[in-house]
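# Examination of the molecular architecture
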Amino acid sequence: MTRRADLLAVASYVLGAAVICGRLLAHPGRRLPYTPGDRIQAEWHLALAARLLGRGGNPLLIDRMNAPAGVNAMANTTQYGLGVPMAPITWLFGPGVAFDVLIVLALSGTAAAWFWLLSRHVVDSRPAAWAGGLVGGFAPSVVGHATFHPNLAAQFLVPVIAWRVVRMLDSRRRLRDGLVLAALIVWQVFINEETLFITALALGVFLLLWRGVRWRPLLPGLAVAAGASTAVLAYPLWFQFFGTGAYHGGERQMTAFHTDLLGVTSFSRTSVAVRWSEFPPAPGFSAEQHAHLGWPIMLAALAFVLWQRRDRLTRSLAITGAVFLALSLGTDLTVGGHPIGIPGPYAPLARLPLFDTLLPTRLGEVLTWCLAPITALAAARCRLPSRLLTVGLAAALLVPAAPTPTPVEHRPAVPSFITDGAWRGYVDADHSVLVVPLAGFEHWTALSWSTATGLDLRLSHGYFLGPEGGVTGHHAIVGPPPRPLDRLLRDPRPVTDADRAAARADLAYWRTAIVLAPPDPAYAAQRRLLDDLFGPGRLIGGVWLWDVRGVR
């Protein structure tokens, strides 16, 4: 009976994930979410992992974009911990299909991991653990990332790492436990380091509240885990912080993301009840609405915590969640998206190493991690007169915050000039391709075309994080430091002879063989600029082409 309940729980999570991703799965790999920029970037990295496995190469320095400097892989969302296991699907069906499958696995796997932890170590009731798994696997802090950031949606190691650490308090198998924890740490580093950092912070606060200063039994196992993981990660982490393309301090717009004071009781933009939010969701990008769980869940959790305030586990979970919810408010408090002139709780931490690259809003993930066991405890301890009343109350609390199917749009076809390989007649392995518009969150054409070639199409630019000015150790910016031709392409104007000379120097720096642009009317000004710089382009195979091999 227990095994059947476990299978039903996991099956329900898989079904829920499939419903959320249903519009994508209906046409695998051929549809995109409503803001596709980060998804295209994630597909590019899935293709990168498959390419490295099949052909070899340096996994720490990416040479397929930002030619000739390359990109620091450890300082970007390379997600090798997901891309490597998904490589067989990427090889067989392409990174688009691999992404769709990965998201279903990430959501259902995260929920299943929480169910396993809760049903084995927190509550005796399988239905109660199932409800907790729903919160842990389908909250905004997970689903909000589902169609953009698989490395952030894949939180299935969080409950496992938490359990392995807590287990060390009473275990005498310190060597084995430490080695297992080290393996989990290494895997999570190559999925997402930010999640691991937040997990470590949250566990530290929780254990201090739950067990006080009685941490001595943890130290031997943690020492083994630290030593073993350091042996594996020492060079990759050194390269991340001090190697080519390393930066110190996160990109300023990203590190400003935070939870609004009204967001604490508002619904996520992905939820059923978003239309009844107290204010339009902020920030507008739904992936960063980690604490937007809605007022029914928040009020119910508060009521249960007050009722069970003498229970040390419940109290420790509640305080930990509240601490990180407060920190997620950021460096400056806002109400309804408007600053109120009061520094936020995160302000004292914002300039510290590691904290300076963290997005404050993502500290709200800890609220979900604490609400998952609180939900299971509440479901197990609250005895209502009838099962119908219990189910009705649970539905009233959970359904409004439930995620809705992801809005999608059709994926534009990749031009035949790219898919047929005609571009290979112009570009050898030592040269790059400049694609206009320049790659970024809103302009992802270049990455999409590169992915369609298995990353054989080497890009002069790219969508990545690198140091400001291209100087290792400087503050992070998105993309390469702008050169004169970049500035012209972003703000077209009549060109001068000095502009032409600067453009030729830029092409020489990038070792650019051809310039490509889509025929979209939106980029007519950029195409006219390129005509003025390099002579008339040619429309061939669905793209505009400027052969600049003889220009430099």
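All of these numbers come straight from a predicted model, not from anything done at the bench.

### Observations regarding the overall build of the chain
- Counting secondary structure elements, the chain contains 22 helices and 12 strands.
- Relative to a compact globule of 552 residues, whose C-alpha radius of gyration would be 24 Å, the chain shows 25 Å and is just as compact.
- Each principal axis of the C-alpha distribution contributes one length, and for the chain these read about 80 × 50 × 50 Å.
- Taken across its 552 residues, the chain has 54% of its residues classed as buried.

### A look at the side chain of Asp-499
- With respect to the element layout, Asp-499 can be found in helix H21 (residues 497-510).
- The buried category is assigned to Asp-499, whose relative accessible area is 11%.
- From its side chain, Asp-499 meets the backbone nitrogen of Thr-496 in a polar contact 2.9 Å long.
- Other than its neighbours up to four places away in sequence, Asp-499 contacts Leu-488, Arg-493, Pro-494 and Leu-533.

### What to know about the environment of Phe-304
- Considering the arrangement of structural elements, one finds Phe-304 in helix H14 (residues 295-307).
- Considering only alpha carbons, one finds Phe-304 and Gly-462, 158 residues apart in sequence, at a separation of 49 Å.
- For Phe-304, the residues in contact, after removing those within four places along its chain, are Thr-314, Ile-374, Leu-377, Ala-378, Arg-381 and Cys-382.

### Comments concerning the packing of H14 against helix H16 (residues 365-381)
- In contact at an axis separation of 10 Å, H14 and H16 are set at 65° when each is read in the N-to-C sense. The crossing of H14 and H16 is left-handed. In this structure, H14 uses Ile-297, Met-298, Ala-301, Phe-304, Val-305 and Trp-307 to contact H16, whose residues at the interface are Leu-367, Leu-371, Ile-374, Leu-377, Ala-378 and Arg-381.

### Some details on the pairing of strand S7 (residues 432-435)
- Burial along S7 is two-sided: Ser-432 and Leu-434 facing one way and Val-433 and Val-435 facing the other are all buried.
- Pairing of S7 with strand S10 (residues 512-517), which is carried by four bridges, proceeds in the parallel orientation. Bridge pairing in S10 links Val-433 to Ile-514.

### Considerations on the confidence of the model for the chain
- Chain-level pLDDT for the chain is 92 on average; 97% of the residues reach the 70-or-more range.
- The weakest mean pLDDT in the chain belongs to helix H17 (residues 387-398) at 79; the strongest belongs to S7 at 98.

### What to know about a nonpolar patch on the surface
- A contiguous nonpolar surface patch, about 570 Å² in accessible area, is contributed by Leu-53, Val-84, Trp-91, Leu-92 and Phe-93.
- In terms of residues, the nonpolar patch owes the most to one element, helix H5 (residues 87-93), which gives three residues.
- Structurally, Val-84 is set in the loop between helix H4 (80-83) and H5.

### A look at the pattern of salt bridges
- Evaluation of the coordinates by the stated rule reveals 19 salt bridges.
- Among the salt bridges present, the one from Asp-100 reaches Arg-39, with a minimum N-O distance of 2.7 Å. In this pair, Asp-100 is assigned in helix H6 (residues 95-121) and Arg-39 in helix H3 (residues 37-55), connecting sequence segments 61 residues apart. Of the two residues, Asp-100 and Arg-39, neither departs from the other in class, the shared state being buried.
- The salt bridge involving Arg-381 is made with Asp-311; its shortest N-O contact spans 3.5 Å.

### Some remarks on the pairing of S10
- Among the six residues in S10, six count as buried, and that is most of the element.
- Pairing analysis gives four bridges linking S10 to strand S12 (residues 543-547), with the strands arranged antiparallel. Residue pairing across strands places Val-515 opposite Trp-546, the latter belonging to S12.

Rules used throughout
- Residues numbered from 1 in each chain as written.
- Predicted model: local features only at pLDDT ≥ 70, side-chain atom pairs only at ≥ 80, totals over all residues.
- Heavy atoms only, no water.
- Helix = DSSP H or I, 4+ residues; strand = E, 2+ residues; numbered from the N terminus.
- Rg over C-alpha atoms; globule rule 2.2 N^0.38 Å.
- Buried < 20%, exposed > 50% of the residue type's maximum accessible area, 1.4 Å probe, protein only.
- Polar contact = N/O pair within 3.5 Å; in protein donor to acceptor, adjacent residues only side chain to side chain.
- Contact = heavy atoms within 4.5 Å.
- Axes fitted to C-alpha atoms, helices over the stretch in contact; angles between N-to-C directions.
- Left-handed = near helix turned anticlockwise from the far one by under 90°.
- Pairing = 2+ DSSP bridges.
- pLDDT = per-residue confidence, 0-100.
- Patch = residues over 30% accessible without salt bridge, like charges linked within 9 Å, V, L, I, M, F, W, Y side chains within 5 Å.
- Areas by Shrake-Rupley, 256 points an atom, 1.4 Å probe, with all protein chains shown as cover.
- Salt bridge = Lys/Arg side-chain N within 4 Å of Asp/Glu carboxyl O.

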